[in-house]
Amino acid sequence: MAKTVTLNTPLDMHLHLRDASMLELVAPLTAQTFSGALVMPNLVPPVTTREDLIAYKQRIIKASKNDAFEPYMTLFFQQYSKAFLEEVQDEIIGIKLYPAGITTNSETGVSSIDSQTLRPTLEAMSDLGIPLCIHGETNGFVMDREKEFMPIYESLAKDFPKLKIIMEHITTKEAVDLLAKYENLYATITVQHLLITLDDVAGGMLKPHLFCKPIAKRYEDREALLQVALSANPKVMFGSDSAPHPKHKKESCGCAAGVFTAPIALQVLTELFDKHDCLENLNAFVSENALKIYDITPPKKEIVLEKKAFQVPENYSNDTEVVVPMYAGETIAWSLVSL
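Residues numbered from 1 in each chain as written. Predicted model: local features only at pLDDT ≥ 70, side-chain atom pairs only at ≥ 80, totals over all residues. Heavy atoms only, no water.

So, on to the confidence of the model for the protein chain. In the predicted model, the protein chain carries a mean pLDDT of 97, and 100% of its residues have values of at least 70. Within the protein chain, strand β16 (residues 335–338) has the poorest average pLDDT of any element, 90, and strand β9 (residues 185–189) the best, 99. (pLDDT = per-residue confidence, 0-100. Helix = DSSP H or I, 4+ residues; strand = E, 2+ residues; numbered from the N terminus.)

For the rest of this paragraph, the subject is the pattern of salt bridges. Inspection of the entire model under this criterion finds 10 salt bridges. With a closest N to O distance of 3.1 Å, glutamate 123 and arginine 119 form a salt bridge. Pair noted here: glutamate 123 and arginine 119 are both in helix α4 (residues 115–128), with a separation of 4 residues, about one helical turn. A salt bridge links lysine 162 to aspartate 127; the nearest nitrogen and oxygen atoms lie 4.0 Å apart. Within this pair, whereas lysine 162 is found in the loop between α5 (145–159) and β8 (165–167), its partner aspartate 127 is found in helix α4, the two being separated by 35 residues in sequence. Bridged by salt links that share partners, the residues Lys3, Asp274 and Lys307 form one connected network. (Salt bridge = Lys/Arg side-chain N within 4 Å of Asp/Glu carboxyl O.)

Strand pairing in a sheet is mediated by backbone hydrogen bonds. Such pairs are either parallel or antiparallel. Spatial ordering of the open sheet is given by β5-β6-β7-β8-β9-β10, a layout of 6 strands whose pairing is parallel. The outermost strands of the open sheet, each flanked by one partner alone, are β5 (74–76) and β10 (236–238). The sheet shows a mean angle of 30° between the axes of neighbouring strands, taken without regard to direction. The pairing of strand β6 (residues 94–97) with strand β7 (residues 132–134) spans 3 bridges and is parallel. Bridge pairing in β7 places isoleucine 95 opposite leucine 132. (Pairing = 2+ DSSP bridges. Axes fitted to C-alpha atoms, helices over the stretch in contact; angles between N-to-C directions.)

To continue, consider the packing of helix α11 (residues 265–275) against helix α12 (residues 282–294). Axis separation between α11 and α12 bottoms out at 9 Å; the angle between their running directions is 140°. Accordingly, the angle class assigned to the pair α11 and α12 is oblique. Only Leu282, Phe285 and Val286 of α12 make contact with α11, whose side of the interface consists of Leu266, Leu269, Thr270 and Phe273. Residues that form the contact of α11 with α12 fall into these classes: 6 nonpolar, 1 polar and no charged. (Parallel < 35°, antiparallel > 145°, perpendicular 65-115°, else oblique. Contact = heavy atoms within 4.5 Å. Nonpolar A, V, L, I, M, F, W, Y, C, P; charged D, E, K, R; others polar.)

This paragraph deals with the pairing of strand β3 (residues 36–39). Residues in a regular strand point their side chains to alternate faces of the sheet. Going residue by residue along β3, you find Gly36 and Leu38 tucked away on one face and Ala37 and Val39 tucked away on the opposite face as well. Across 3 bridges, the pairing between strand β2 (residues 11–15) and β3 is parallel. Counterpart to leucine 11 in the pairing with β3 is glycine 36. In this fold, β2 hands off to helix α1 (residues 20–31), which returns the chain to β3; that crossover is right-handed. Pairing between β3 and strand β4 (residues 70–72): 3 bridges, direction parallel. (Buried < 20%, exposed > 50% of the residue type's maximum accessible area, 1.4 Å probe, protein only. Right-handed = clockwise from strand over helix to strand, strands pointing away.)

In this chain, valine 44 is followed by proline 45 through a cis amide linkage whose omega measures -5°. When you line up the elements, proline 45 lands in the loop between β3 and α2 (50–64). Here the bond from lysine 213 into proline 214 is cis, since omega is 0°, no more than 30 degrees from zero. Tracing the backbone shows proline 214 in the loop between α8 (198–202) and α9 (219–230). In the Ramachandran plot, alanine 232 falls in the positive-phi region, its phi being about 60° despite a non-glycine side chain. Checked against the element boundaries, alanine 232 lands in the loop between α9 and β10. A positive phi angle, close to 55°, is found at aspartate 277, a residue other than glycine. Its place among the elements puts aspartate 277 in the loop between α11 and α12.

Here you go:
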């Protein structure tokens, strides 16, 4: 009899769904396997008002075509008044801070991240219990950008001890080490950063569909990420950072940054945890830790996976969009058998 695994209420706590025809293509691919997802606000223009937030959530729900899926919404960080945050707090579970120009659609992000400049908004968030989610990179040398951001995380953690801070898509040993130092620091980890290093992206022929920001790092960084994820460390949770771009924008000069993993994330994670004999910890990583960190109650969903070969499609498409997933055309060891 084939080996099976049951996941309860899986969550993706860092997801890009885009908008318009791309949203219509990719939203159902997450909604069919996840109970909920934390949706990033870096549209063009970014989501900064209550009206835009509600309208975007309605578009996501319509595109998802699945009643058992909750899109958890975020606002794009700017200086917000406490009165505004009180008005909108029931509509969001976090605010996402992007350093200006550091990644896709972040041109209107924060140009100077320091406690004094951001204090009014961060104090209001702290008082209201709204988590701060951060893309933690500087604009320095690409392999050092996350490492160079660590003092900023430390400063914020010390200056706002009641503020829950999520270090998004961490990629370095330094970020893992920092988790244990401050009670109010947490992190998301992606599929790709548990599996690849920079060698996989650019060590031979360039693989554009593995290029993302933060870029994959060194072997010792991957090992540190694996240790906290596989051990069910309560301060880390799964966030795919699944970031769809049209095929022609990935396979071109000026390759867009982002790895599209949404349709295969649970299968690949199950294969990884099985390989390391840690399947008993998988549900903590993909569900239980996030439930506690964000204090949310998503729709109940049970996903059954079977150790049975599955060939990843070459692409996913609709009438206007074509997106290539990670491991396109390759065979992975686990399949979805029951939703």
